[in-house]
Amino acid sequence: MYAAGSESLVKQAREIQDSELLKFQNRIGKLLQGRDHGHELVDSLRRLHLILTATKYTRRLPAELQKSLASLLRSSSVEQLQVLSSAVLRETLPPPGQGRNYSHLQDHSPLTNYGAALLVSQAESISDLSALCCHLLRGLEGRPLEAAAHPHTHTLPIINTVLTHCPEVLNQDQVTLLSKKLVDWLRYASVQQGGGASSGGFFAGSRSRQPGPTAELDGSVSGDFFTVLCVGQCFSDDQWMNVYSFSVLRHWLLTYHSVADGNATGDPDTHGSVDGSVVSMVSATSSSSRLLPPRERLREKAFQYCQRLIEQSDRKAVKRTDAELQKACLVEAVCVLDCVCVEDASLVYRTFPFVKSLCGRLSSDLAFSRVLLPIAQFYLNHGETAAVDCECVWRLVFGRYPSELYNNSFLAHELLRFLRLNQGTLLLRVPEFTHSFPNLLKFLAWDSPAVVDDFVDLLPSLVTPGTAVELLHSLLDLPCLTAALFLQLRSSCYPITEPGGRGLTSLEAFRSPSYRGLFLFLLRAEAGAGDTIDRLGTLHELLVEAADWPRVVQCAQTVPVLLHIYFNAVVTVADDKLLSQLILVLLDRSSLILNIPNYTKEIHRVFSFHLLKLCKLRPSLVVNQSHELMDLAGSTINVYSKEDLFTHVVWVLGEHLSMSCDSRCSVELITSCFEGLEAVLFEITSSAPPPEQPCPAPRVITSLMSALAKLASRSHDLIPRVSLFLSKLRTLSRGVSVPWCSDEEDVVAVVTRGEELWSLLKLPGVAQSVLTPPPRTTSPRWHGDTNTALALRLRALSALTNSH
Amino acid sequence: MVHSFLIHTVCPIATLASGESRILYSRVFGPEESVLTADELNSEERRLLQREKLAVVARKVRTAVSLSREAAGRVMVEVVLGEELVALQEADSGVLRLRDGDPFLGEKSALWLGVQSLGFVLVCEAHENLMLAEGTLRNLTRNCLEQLRMLGPGSEVLLKSDRIDVLLDRMLPHGQLLFLNHRFANSLEKEVTAYMAK
């Protein structure tokens with residue numbers, strides 16, 4: 001598709017010399033001055049456009065050329081020249097100095113679409129946009145419609161674009177005018193087919209033929225007012241405006257009809273109707289709506305329009321694209337109804353029956369899943385007001401959709417967005433939310449790169465004390481879930497026996513009854529059945545071939561990030577008991593991870609980081625879990641298989657196993673821990689590492705030495721034992737190779753550290769205060785502490801007095 | 001409201017670093033973002049910023065397309081001129097969340113369609129009707145593929161970009177998504193075809 005020819009064109013355009021460009025621009029200038037605006041001009045303008053867009057730096061055109069192009073845009077009736085001049089001018093900067101922007105384009109009405117596009121893109125300030133909107137709205141008031149196709153149609157899109165960026169651009173009168181116009185176009189568009197424009201009919205008699213009424217999408221004649229779901233041979237102008245009005249309606253309502261909009265100079269009655277205690281059940285009926293002020297009238301007409309759309313969507317459309325449009329209209333209609341009900345709570349009672357029956361109609365059809373999401377939002381916003389049971393919706397949102405439609409990327413995006421925006425409310429009102437994480441994680445497991453960003457925001461809400469442990473296990477096994485989902489999909493798409501196909505052992509395992517339970521646990525919909533399964537190791541073995549499936553690898557890359565978020569969230573909600581449990585899980589799972597390259601290492605890194613953090617936060621955890629921590633630290637194989645985690649466990653033991661951290665820490669405990677670590681240190685420094693294992697990093701050895709020194713400083717009987725080892729280390733002279741370290745500089749570093757510790761331990765009292773400092777000194781209080789504060793105060797005063 | 005429409009490469013380009021994308025067509029609807037904030041940039045700097053933001057989006061979509069294709073594990077089938085509908089059916093699609101500030105002001109959603117070696121992107125406001133946007137994007141892509149003969153080796157997309165402008169003017173005027181049933185859509189497409197014939 002994108003060939004070398006195109007790339008060389010771009011290169012030429014980027015590298016054009018300034019002199020050549022100037023010559024080219026002058027040629028164009030001459031062509032413009034001549035009256036012949038033929039093919040050569042078109043071609044040249046196209047090339048000029050390419051040159052201007054080829055680099056990211058903007059060029060300026062010569063002022064003369066700019067003026068000629070502006071006048072071409074204004075005066076030409078050939079659409080191609082309008083398009084090209086607008087495009088070229090858009091890519092350059094407005095002329096400097098007088099006449100900064102192109103507002104003189106507006107002096108010659110009608111303003112073409114391309115002229116308006118230029119004005120919008122070149123606007124320098126809000127007042128420019130304001131002036132443009134005024135001009136457009138003046139065109140709406142009173143002037144009769146011209147014979148040209150769609151003269152006013154672009155007014156609404158332009159205003160809508162401007163409103164997206166600055167809602168304050170229209171004043172109250174303009175808002176009222178547009179509200180009235182919108183009401184007319186939405187509700188009172190003609191129901192006869194437009195007969196003006198030629199439908200390309202072969203026979204001359206088309207002009208004399210009477211246009212019939214418009215039809216519905218299933219072919220039957222329209223029985224009510226015109227909407228976007230009505231068809232005809234061709235359309236009149238007000239029918240076009242009907243389409244445009246509905247297209248901008250939701251944004252218009254959101255911009256100007258929000259309840260919180262304190263600047264609204266609408267009726268005070270509208271605010272009164274939101275009062276909780278006296279909500280009027282008798283809302284204005286359509287017959288009396290003519291008496292309502294413009295805002296309320298628009299609301300009422302919007303309500304009727306959406307009601308009609310919902311009815312029309314029940315018809316079976318003949319064309320597939322129309323069926324898709326019906327779904328989009330349903331989504332929009334429910335959103336508009338939601339807006340309208342948020343503004344006027346009394347409309348909830350009229351609206352709910354429609355929405356409820358719509359929900360009932362669509363809930364069993366997975367093809368309409370994306371329509372159910374705005375309905376869910378509606379239920380969340382107004383379900384309490386109307387005292388309606390919302391269970392059926394939550395069962396779909398948290399149950400059926402994630403388990404069956406996890407591979408629909410658009411649904412995933414919209415559902416997760418819905419959850420993200422409503423987290424607070426869902427946490428309060430919908431208990432299924434926090435218990436459905438096994439289901440919600442399916443979106444993440446299937447397409448991690450696309451939705452991980454949503455989960456970064458969503459995960460903290462899913463961390464609750466009751467489900468934290470199960471959630472941790474689920475996160476660690478997320479790649480397994482990916483593999484299981486893939487197998488589930490394959491299993492349902494392909495026949496039981498694939499003739500001659502490549503058999504996946506994991507697929508056979510998936511289908512075999514003896515392993516079914518394992519997979520069913522992974523694919524469960526709700527939390528609460530158990531934290532994890534006993535035969536997790538078996539499951540990992542069954543899925544070993546999945547380790548290089550791209551989806552599984554992508555998923556594995558997102559897990560460490562989510563674990564960080566998990567741990568940061570869990571410390572805010574967990575008590576000591578839960579944190580102890582988590583440390584146990586951490587230690588257990590460190591050897592029970594699906595074997596994907598780099599995955600284990602990354603998980604260990606995250607574990608190490610958070611172990612450190614947790615123990616620093618709650619030092620008594622170390623004493624609580626000393627037994628399990630020692631199990632890991634006392635076993636030499638772990639030095640080689642879990643180096644990172646081992647180092648950190650040793651560190652936390654050395655740092656926090658003391659009486660000042662927890663009074664339950666006894667001398668026996670310190671001694672037994674010491675002995676365990678001593679044994680490991682002796683073992684790794686007395687012989688070479690096992691075959692095929694690299695030497696342990698120097699950090700491991702120094703951490704062990706430091707930990708032993710710290711423990712010894714707390715129980716002085718142990719000091720001689722450490723000192724003996726450290727003094728032996730000192731005897732290692734330069735140049736001697738040791739079996740446990742391959743790099744000479746590393747050996748020097750280790751030996752140096754050993755010397756420091758040895759000299760420190762010669763003075764037990766000093767060693768104790770250095771290696772086991774009281775908590776006071778490790779959390780400085782800066783200005784709160786009299787001693788340190790003095791220096792700070794003096795410095796501040798001198799800075800103030802010396803500033804002159 | 002659609003913020004912008006982009007067409008860019010999603011295949012490796014020899015003259016660019018890997019992961020980089022060449023933008024073949026870009027159109028931003030609406031005024032420049034930084035005009036309305038208090039940024040003290042002159043107009044050149046504003047333009048540059050806007051183009052760089054679009055380049056960021058193109059890069060993100062390129063990554064998303066390649067990750068999606070890798071995960072799906074499908075083999076790319078070469079499609080030629082005349083097989084536009086097949087190409088569209090085979091296309092990968094998805095939607096990316098663009099956080100507030102990364103790179104645009106306010107959260108946005110980038111809908112993308114990866115057709116062979118090109119990506120077509122609509123950057124929409126976050127609360128937009130994505131079903132409608134998806135349908136519009138597919139329609140636009142089909143029209144671009146057909147009218148600009150993009151499945152062939154030519155460079156019309158670069159040299160005849162006014163055709164895309166006209167297409168956008170009808171189907172997505174000033175970035176407004178329209179609820180068009182097949183009759184309205186046919187009527188607009190007839191106008192577009194009449195323009196292309198000139």
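Not measured: the values here are computed from a predicted model. (Residues numbered from 1 in each chain as written. Chains lettered and ligands numbered in written order. Predicted model: local features only at pLDDT ≥ 70, side-chain atom pairs only at ≥ 80, totals over all residues. Heavy atoms only, no water.)

**Student:** Even after reading the chapter, I still don't get the overall build of chain B, so can you show me in this structure?
**Tutor:** In terms of helices and strands, chain B carries 6 helices and 5 strands. Listing each helix as α and each strand as β along chain B from the N terminus yields β-β-α-α-β-β-β-α-α-α-α. Over its C-alpha trace chain B gives a radius of gyration of 17 Å, about what one expects of a compact globule, namely 16 Å for 198 residues. Looking at the 198 residues of chain B, the share that counts as buried comes to 63%. Considering only contacts within chain B whose residues lie at least 6 apart along the sequence, 61% involve residues at least 24 apart. Element-wise, carbon and sulfur atoms account for 51% of the exposed surface of chain B, whose accessible area totals about 7200 Å². Counting 23 positive and 27 negative side-chain charges, chain B places the averaged centre of each group 3 Å from the other. (Helix = DSSP H or I, 4+ residues; strand = E, 2+ residues; numbered from the N terminus. Rg over C-alpha atoms; globule rule 2.2 N^0.38 Å. Buried < 20%, exposed > 50% of the residue type's maximum accessible area, 1.4 Å probe, protein only. Contact = heavy atoms within 4.5 Å. Areas by Shrake-Rupley, 256 points an atom, 1.4 Å probe, with all protein chains shown as cover. Lys, Arg positive; Asp, Glu negative; His and termini not counted. Charge placed at Lys NZ, Arg CZ, Asp CG, Glu CD.)

**Student:** Looking at this model, I keep getting lost on the sheet that holds strand 2 (residues 23–28) of chain B. Mind explaining?
**Tutor:** The pairing of strands in a sheet happens through backbone hydrogen bonds and is either parallel or antiparallel. Residue and element names in this part refer to chain B. Strand order in the open sheet formed by 5 strands is 2-1-5-4-3, with antiparallel pairing between adjacent strands. Edge positions in the sheet fall to strand 2 and strand 3 (92–98), since each has one partner strand and no second. Ignoring which end each strand starts from, the neighbouring axes of this sheet average 15° apart. Relative to the sheet, helix 1 (residues 43–72) contacts strand 1 (2–9), strand 2, strand 3, strand 4 (108–115) and strand 5 (118–125), its axis offset from that of strand 1 by approximately 60°. (Pairing = 2+ DSSP bridges. Axes fitted to C-alpha atoms, helices over the stretch in contact; angles between N-to-C directions.)

**Student:** What exactly am I supposed to notice about the nonpolar core here?
**Tutor:** As a rule of thumb, nonpolar side chains are buried together in soluble globular proteins. Formed by 306 residues in total, the largest nonpolar core has its most connected members in Leu-170, Trp-394, Leu-419 and Tyr-566 of chain A together with Phe-5, Ile-7 and Phe-120 of chain B. For this core, the element with the highest residue contribution is helix 13 (residues 320–343) of chain A, accounting for 13 residues. Apart from residues lying up to four places away in sequence, Phe-120 of chain B is in contact with Phe-5, Leu-6, Ile-7, Leu-111, Trp-112, Leu-113, Val-115, Leu-137, Thr-141, Cys-144, Leu-145 and Met-150 of chain B. Counting 15 residues, the second-largest nonpolar core is a separate cluster that includes Leu-6, Val-57, Ala-64 and Val-121 of chain B. (Core = buried A, V, L, I, M, F, W, Y, C linked by side-chain atoms within 4.5 Å.)

**Student:** So what exactly am I meant to see when it comes to the side chain of Ser-44 of chain A here?
**Tutor:** Looking at the element boundaries, Ser-44 of chain A is found in helix 3 (residues 39–54). If sequence neighbours within four positions are ignored, Ser-44 of chain A has contacts with Phe-24, Arg-27, Ile-28 and Leu-31 of chain A.

**Student:** Before we go on, may I ask you to explain the interface of chain A and chain B in this structure?
**Tutor:** In many reports, interface size means the accessible area that the parts give up when they come together. Residue-level contacts link 93 residues of chain A with 78 residues of chain B. Both faces considered, chain A and chain B share a buried interface measuring about 7600 Å² in area, 58% of it formed by carbon and sulfur atoms. Of all residues in chain A, the largest losses of buried area upon contact with chain B belong to Met-1, Tyr-2 and Phe-410 of chain A, amounting jointly to 11% of the total for that side. Where chain A packs against chain B, one counts 13 salt bridges. When the shortest N-O distance is used, the salt bridge between Lys-56 of chain A and Glu-52 of chain B registers 2.9 Å. Taken together, the connections running from chain A to chain B amount to 36 residue pairs in polar contact (both at pLDDT 80 or more). Ranked by residue count, the leading element in the side of chain A that touches chain B is helix 10 (residues 237–256) of chain A, at 10 residues. Within the side of chain A that touches chain B, the residues separate by chemical class into 43 nonpolar, 26 polar and 24 charged. (Buried area = accessible area lost by both parts, 1.4 Å probe. Salt bridge = Lys/Arg side-chain N within 4 Å of Asp/Glu carboxyl O. Polar contact = N/O pair within 3.5 Å; in protein donor to acceptor, adjacent residues only side chain to side chain. Nonpolar A, V, L, I, M, F, W, Y, C, P; charged D, E, K, R; others polar.)

**Student:** Help me understand the pattern of salt bridges in this model?
**Tutor:** Using the criterion set out here, one finds 57 salt bridges over all chains in the structure. In this structure, Arg-97 of chain B and Asp-454 of chain A form a salt bridge, with 3.7 Å as the shortest nitrogen-oxygen distance. Placement of the pair is Arg-97 of chain B in strand 3 and Asp-454 of chain A in helix 21 (residues 448–462), with the two residues belonging to separate chains. Asp-454 of chain A carries the same exposure label as Arg-97 of chain B, and that label is buried. Across the pair Asp-102 of chain B and Lys-60 of chain B runs a salt bridge whose closest N-O atoms are separated by 3.0 Å. One end of the pair, Asp-102 of chain B, is in the loop between strand 3 and strand 4; the other, Lys-60 of chain B, is in helix 1, and 42 residues separate them in sequence. The partly exposed category is assigned to Asp-102 of chain B, whose relative accessible area is 34%. Among the ionic contacts, a cluster of salt bridges with common partners joins Arg-420, Asp-453, Asp-454 and Asp-457 of chain A together with Arg-97, Arg-99 and Glu-107 of chain B.

**Student:** Whenever I open this one, the environment of Pro-696 of chain A confuses me. Can you help?
**Tutor:** Residue and element names in this part refer to chain A. By the element assignment, Pro-696 lies in the loop between helix 34 (667–686) and helix 35 (698–714). Pro-696 sits in the buried class, given a relative accessible area of 5%. In this structure, the C-alpha to C-alpha distance between Pro-696 and Thr-685, residues 11 residues apart in sequence, is 9.8 Å. Sequence-distant contacts of Pro-696, defined by excluding residues within four places in its chain, comprise Val-639, Tyr-640, Glu-643 and Trp-740.

**Student:** Explanation requested: the confidence of the model for chain B in the structure shown.
**Tutor:** If pLDDT is low for a region, its predicted coordinates should not be looked at in detail. Put simply, chain B has an average pLDDT of 90, and 98% of its residues get 70 or more. Scored by ipTM, the complex comes to 0.95, with pTM at 0.89. (pLDDT = per-residue confidence, 0-100.)

**Student:** What is the right way to read helix 23 (residues 478–493) of chain A from this model?
**Tutor:** Helical geometry note: an α-helix holds 3.6 residues per turn, so side chains three or four residues apart project in the same direction. For helix 23 of chain A, which comprises 16 residues, the first-to-last C-alpha distance of 23 Å matches the rise-based estimate of 22 Å (1.5 Å per residue) to within 8%. Inspection of helix 23 of chain A places Leu-478, Pro-479, Cys-480, Leu-481, Thr-482, Ala-483, Ala-484, Leu-485, Leu-487 and Arg-490 of chain A among the buried residues, and these make up the whole buried set. (Expected span 1.5 Å × (residues − 1).)

**Student:** How should unusual backbone geometry be read in this particular structure?
**Tutor:** Glycine aside, residues mostly have negative phi angles, and peptide bonds mostly take the trans form. Residues and elements named next belong to chain B. Cis rather than trans, the peptide bond between Asp-102 and Pro-103 has omega equal to -5°. By secondary structure assignment, the location of Pro-103 is in the loop between strand 3 and strand 4. Positioned with a positive phi, His-174 is a non-glycine residue whose angle comes to about 50°. Summarising the element assignment, His-174 is placed in the loop between helix 5 (161–171) and helix 6 (182–197).

**Student:** Looking at this model, I keep getting lost on the packing of helix 15 (residues 369–382) of chain A against helix 17 (residues 409–421) of chain A. Mind explaining?
**Tutor:** To describe two helices that pack against each other, one gives the angle between their axes and the distance between the axes. Residue and element names in this part refer to chain A. Packing of helix 15 against helix 17 brings their axes to within 10 Å, and their N-to-C directions diverge by 5°. Classified by the angle between their axes, helix 15 and helix 17 sit roughly parallel to one another. Contact residues: helix 15 offers Ser-369, Arg-370, Leu-373, Ala-376, Gln-377 and Leu-380, while helix 17 offers Phe-410, Leu-411, Glu-414, Leu-415 and Phe-418. Looking at the contact of helix 15 with helix 17 residue by residue, the class counts come to 7 nonpolar, 2 polar and 2 charged. (Parallel < 35°, antiparallel > 145°, perpendicular 65-115°, else oblique.)

**Student:** When you look at the packing of aromatic side chains in this model, what are you seeing that I'm missing?
**Tutor:** Two aromatic rings are characterised by how far apart their centres lie and by the angle between their planes. Counting across every chain of the model gives 22 aromatic pairs over all chains. With centroids separated by 6.0 Å and ring planes inclined at 40°, the aromatic side chains of Trp-394 of chain A and Phe-398 of chain A adopt a geometry described as tilted. Here Trp-394 of chain A and its partner Phe-398 of chain A are both found in helix 16 (residues 391–404), 4 residues apart, which amounts to about one turn of the helix. With respect to class, Trp-394 of chain A is no different from Phe-398 of chain A; both count as buried. An aromatic cluster is built from Phe-225, Phe-246 and Tyr-305 of chain A together with Phe-179 of chain B, whose rings are joined through pairwise contacts. (Phe/Tyr/Trp six-rings, centres within 6.5 Å; stacked < 30°, edge-to-face > 60°.)

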